[in-house]
Amino acid sequence: MGIILLIAHNWDTMSRELRTVLGLLPLFISYLIIWFVIIKRAGSEIWSEGAAVFHFFAAGASIALTGQVYQISGEPGGFALMWSLFCLPVIY
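These numbers come from a predicted model, not from an experiment.

Novice: What is the right way to read the packing of helix H3 (residues 45–69) against helix H4 (residues 76–87) from this model?
Specialist: Helix-helix packing is described using two parameters, namely the angle between the two axes and the distance between the axes. Viewed as axis vectors pointing N to C, H3 and H4 meet at an angle of 135°, and their least axial separation amounts to 10 Å. The pairing of H3 with H4 is recorded here as oblique in orientation. At the point where H3 passes H4, the crossing takes the right-handed sense. Taken together, the residues of H4 that come into contact with H3 (itself represented by Phe 56, Phe 57, Ala 59, Gly 60, Ile 63 and Ala 64) are Phe 79, Met 82, Trp 83, Phe 86 and Cys 87. Considering only residue class, the contact of H3 with H4 consists of 10 nonpolar, one polar and no charged.

Right, dumping it as structure tokens:
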């Protein structure tokens, strides 16, 4: 929580590039977890489901943070549609 508080406090003073990297960081972490599951825990159903759930929420967080960094306006329905389409391959 302390790291999140420090980032949130200094968010406005950070460069756009750094905010973009921090916004995409949850998505990159989820990809690392997915690769770990594929390589080390291939037969574990719990690890597979957990990685998919984490990836689903990390993708939503990354879309929201990137939209906030670049001030992309829109409606919540459009956000939910984009999030759903982006995470559709997770089902397979």
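Novice: So what exactly am I meant to see when it comes to the packing of aromatic side chains here?
Specialist: The relation between two aromatic rings is expressed through the spacing of the ring centres and the mutual angle of the planes. Counted under the stated rule, the structure contains five aromatic pairs. On the numbers, 5.3 Å between centres and 65° between planes, the contact of Phe 36 with Trp 47 is edge-to-face. Of this pair, Phe 36 sits in helix H2 (residues 16–40) while Trp 47 is found in helix H3, placing the two residues 11 residues apart along the sequence. By relative accessible area, Trp 47 is classed as partly exposed at 37%.

Novice: How do you make sense of the environment of Gln 68 when you look at a structure like this?
Specialist: Residue placement: Gln 68 occurs in helix H3. Exposure remark for Gln 68: the relative accessible area of 41% places this residue in the partly exposed category. Each C-alpha atom, one on Gln 68 and one on Leu 85, is 19 Å from the other, the two residues being 17 residues apart in sequence.

Definitions and limits used
- Residues numbered from 1 in each chain as written.
- Predicted model: local features only at pLDDT ≥ 70, side-chain atom pairs only at ≥ 80, totals over all residues.
- Heavy atoms only, no water.
- Axes fitted to C-alpha atoms, helices over the stretch in contact; angles between N-to-C directions.
- Helix = DSSP H or I, 4+ residues; strand = E, 2+ residues; numbered from the N terminus.
- Parallel < 35°, antiparallel > 145°, perpendicular 65-115°, else oblique.
- Left-handed = near helix turned anticlockwise from the far one by under 90°.
- Contact = heavy atoms within 4.5 Å.
- Nonpolar A, V, L, I, M, F, W, Y, C, P; charged D, E, K, R; others polar.
- Phe/Tyr/Trp six-rings, centres within 6.5 Å; stacked < 30°, edge-to-face > 60°.
- Buried < 20%, exposed > 50% of the residue type's maximum accessible area, 1.4 Å probe, protein only.

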